[in-house]
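# Geometric and topological summary
Okay, here's what each chain looks like letter by letter:
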Amino acid sequence: MSDRNRRLFIGGEWTEPDHGHYEVINPATEEVVGLAPEASREQVYAAAAAAREAFATWSRTRPEERAAILDRAADLMQRDFTGNAALAQAESGATTPTARAMQAAVGAARFRRYARGALEPVEEPVAPQINEAGPMGRAGVFGALAVRQPVGVVTCITSYNNPWANPAGKVAPALAMGNTVVVKPAPQDPLSVYRMAEALEEAGVPAGVVNVVTASGPGAGEAAVDSPDIDMVSFTGSTAVGQRIAEVCGRSMKRQLMELGGKGAAVVLDDADLDSAAAGIGTTFSFYSGQICTAPTRVLVQRAAHDALIEKLTAYAGHLKVGDPTDRGTVVGPVISAAHRDRIESYIELGRKEGARIVTGGERPAGLDRGFYVAPTLLADCTNDMRVVREEIFGPVVVVVPFDDEDEGIALANDSDYGLIDYVWSADVARAFRVARQLRAGGVGVNTIGRNMEAPFGGFKKSGVGRDVGSYALHAYSELQAIVWPG
């Protein structure tokens, strides 16, 4: 099917949208990549109903059958890798290495991972308990088993910054556990998710198990949350939208998995390897053009290392090539849209008004007449009460706040509404771990921005609810059932 004129995928059928199509724009060129379907509220409800009907059968399939389908889907995604990466790049603005290695490749790898995950044990014995005779029955030894059961129908609402890895990280473990799904991709780059649905269809996923609906406005997403056929909502996006989703889910006690905003604190102690710290923090300037919730955007540096770190971050930003993401050597591509570029630029201007010093960047890159580009920007002389320090900017902007001693650094890091991933740099590993254990964040990187993709991922505070990645994702898309019997 052409990416130029997409149809919805509902109940195993490619369906014409009730409200026509909208344009998907290439952030680098401002050209039209393709047309995405505008679903009506009724069509979203129909997708949820199809998923509900398919659940009864899919949830009872043998794990080996689910694993085989997910494995075949991964094979097909790998077969079409070049085209998938090119489409992801066109609609998201990612650089070529990012589109290939971090988007299309990770998407296929996650289906492969959860093909294995479908075979993981779902039963866990509980220690037997001796009960005396009483109102609950005779005396005896009671055995018990904790069994993971699928939740039901899961709505997967995905983020725009990674149109392959993010949906794959929701859909694959949900299917592995025996759930059925309604996928509502981000409106800015939904075409890759239809490619994912094509691979699953070709791999033999039964009708109704996977459904994809899109729209440019909020109506389709709202319907995908409030449909009575939905049992769980898995959402990646802003805290504000997550809060609205949670309010709706709360009315009918729907399960939630929320990966929300972040303002990652990078605590750089006075004994840190500053080259390593600058290289890690500097990825905020480049990776996804700073459009990533795990970025170390809030740098808290001990005063003895402050000036040297500022110098190294400035040099790092100065070596980054900003431009067409398809060009070899480009490190910083565009942000997702003109509206988002304007939002980032308004934050930079706000920082200036709040008293921050713009060390580098702060202006639109020269020579780029088309596309939505923001220069890597470093703001120094910041204080923790500034909005640019407290609010998520979601762009290539780093703010720096100095501190005097370790306790102050920890207090500053924790003085935030967010708590997704923080970072600590110190040559003393014991000291770094001591600080890490005191940070109120779902994850902490010690002398690295790297991640272990089997470790639990999720946030404290307004950064989210629940954990996924690795086997934790399988747990997230399941309910625990206790089965008890007399010995």
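Position numbers for residues start from 1 in each chain and track the written sequence from start to end. For this predicted model, a pLDDT threshold of at least 70 governs which residues receive local features, and a threshold of 80 or more governs which side-chain atom pairs are given and counted, while totals over whole chains, interfaces and linings are taken from all residues. Note that water and hydrogens are dropped before the side-chain values are worked out from all heavy atoms of the structure.

## Section: the packing of aromatic side chains
Our working rule: Two rings from Phe, Tyr or Trp (for Trp, the six-membered ring) form a pair when their centres sit within 6.5 Å of each other. Planes less than 30 degrees apart are called stacked, planes more than 60 degrees apart edge-to-face, and all others tilted. Counting from the N terminus, the helices are the DSSP runs of H or I reaching at least four residues and the strands are the DSSP runs of E reaching at least two. Residue burial is assigned from relative accessible area. The probe radius is 1.4 Å, only protein chains are included, and a residue is buried under 20% of its type maximum, exposed over 50%, and partly exposed in between.
For the structure shown, the criterion picks out five aromatic pairs. With a centroid separation of 6.2 Å and an interplanar angle of 50°, the aromatic rings of Trp14 and Tyr194 are classed as tilted. With Trp14 in strand S2 (residues 13–15) and Tyr194 in helix H6 (residues 191–203), the pair connects residues that are 180 residues apart, well separated along the chain. Classification of Trp14 by relative accessible area gives buried; the value is 16%. Here the aromatic rings of Tyr423 and Trp425 are separated by 6.2 Å at their centres, their planes lie at 25°, and the arrangement is stacked. Here the two residues Tyr423 and Trp425 agree in accessibility, since each one is buried. Grouped by ring-pair contacts, the aromatic residues Phe9, Trp14 and Tyr194 constitute a single cluster.

## Observations regarding the state of the cysteines
What counts is decided by this rule: Cysteine sulfur atoms are paired as a disulfide whenever they fall within 2.5 Å.
What the rule picks out here adds up to zero disulfides. For the unlinked cysteine Cys293, the closest cysteine sulfur is that of Cys156, found at 17 Å.

## Focus: helix H2 (residues 63–79)
Which entries qualify depends on this criterion: How far a helix is expected to stretch is found by multiplying one less than its residue total by 1.5 Å. By the convention used here, residues are in contact when the closest approach between their heavy atoms is within 4.5 Å.
The end-to-end C-alpha distance of H2, which contains 17 residues, comes to 24 Å, matching closely the 24 Å that a straight helix rising 1.5 Å per residue would cover. Of the surrounding elements, those touching the buried residues of H2 are helix H1 (41–58), helix H3 (81–92), helix H4 (96–117), helix H5 (165–176) and H6.

## Concerning empty space enclosed by the protein
Here is the rule: Lining residues are those with an atom within 4 Å of a point, where the points come from a 1 Å grid over the protein atoms alone and group into cavities, where a 1.4 Å probe fits but cannot get out, or pockets, open sets with protein on both sides within 12 Å along at least five of seven lines. Grid points are joined across faces, edges and corners, and a volume is the space filled by probe spheres set on the points. When residues are sorted by character, Ala, Val, Leu, Ile, Met, Phe, Trp, Tyr, Cys and Pro go into the nonpolar class, Asp, Glu, Lys and Arg into the charged class, and all the rest, Gly among them, into the polar class.
Using the criterion set out here, one finds three cavities of 30 Å³ or more in the structure. Estimated volume of the largest cavity: approximately 110 Å³. Looking at the largest cavity, it is lined by 16 residues, and the ones nearest its centre are Ser92, Gly93, Ala94, Tyr288 and Gln291. Grouping the constituent residues of the lining of the largest cavity by class yields six nonpolar, ten polar and no charged. Taken as a whole, the second largest cavity holds about 70 Å³ of empty space. Lining of the second largest cavity is provided by 13 residues; of these, Gly262, Thr297, Glu392, Ile393 and Phe394 occupy positions nearest its centre.

## Let's talk about the pattern of salt bridges
Basically, it comes down to this: Whenever Lys or Arg places a side-chain nitrogen within 4 Å of a carboxyl oxygen from Asp or Glu, that contact is recorded as a salt bridge.
Per the counting criterion, the structure on display carries 25 salt bridges. Here Glu479 makes a salt bridge to Arg255, at a shortest N to O gap of 3.0 Å. Remark: Arg255 occurs in strand S11 (residues 255–259) and Glu479 occurs in strand S22 (residues 478–486); sequence separation between them is 224 residues. You can call Arg255 partly exposed: its relative accessible area is 25%. In this structure, Arg364 engages Glu345 in a salt bridge whose closest nitrogen and oxygen atoms are separated by 2.7 Å. Placement of Arg364 in the loop between strand S14 (357–360) and strand S15 (377–380) and of Glu345 in helix H11 (residues 338–354) is noted, with a sequence separation of 19 residues between them. The class for Arg364 is partly exposed, based on a relative accessible area of 43%.

## Structural notes on the side chain of Asn26
On the secondary structure map, Asn26 appears in the loop between strand S3 (21–25) and strand S4 (32–37). Among all residues touching Asn26, those that are not within four sequence positions of it are Glu31, Val33, Ala90 and Phe372.

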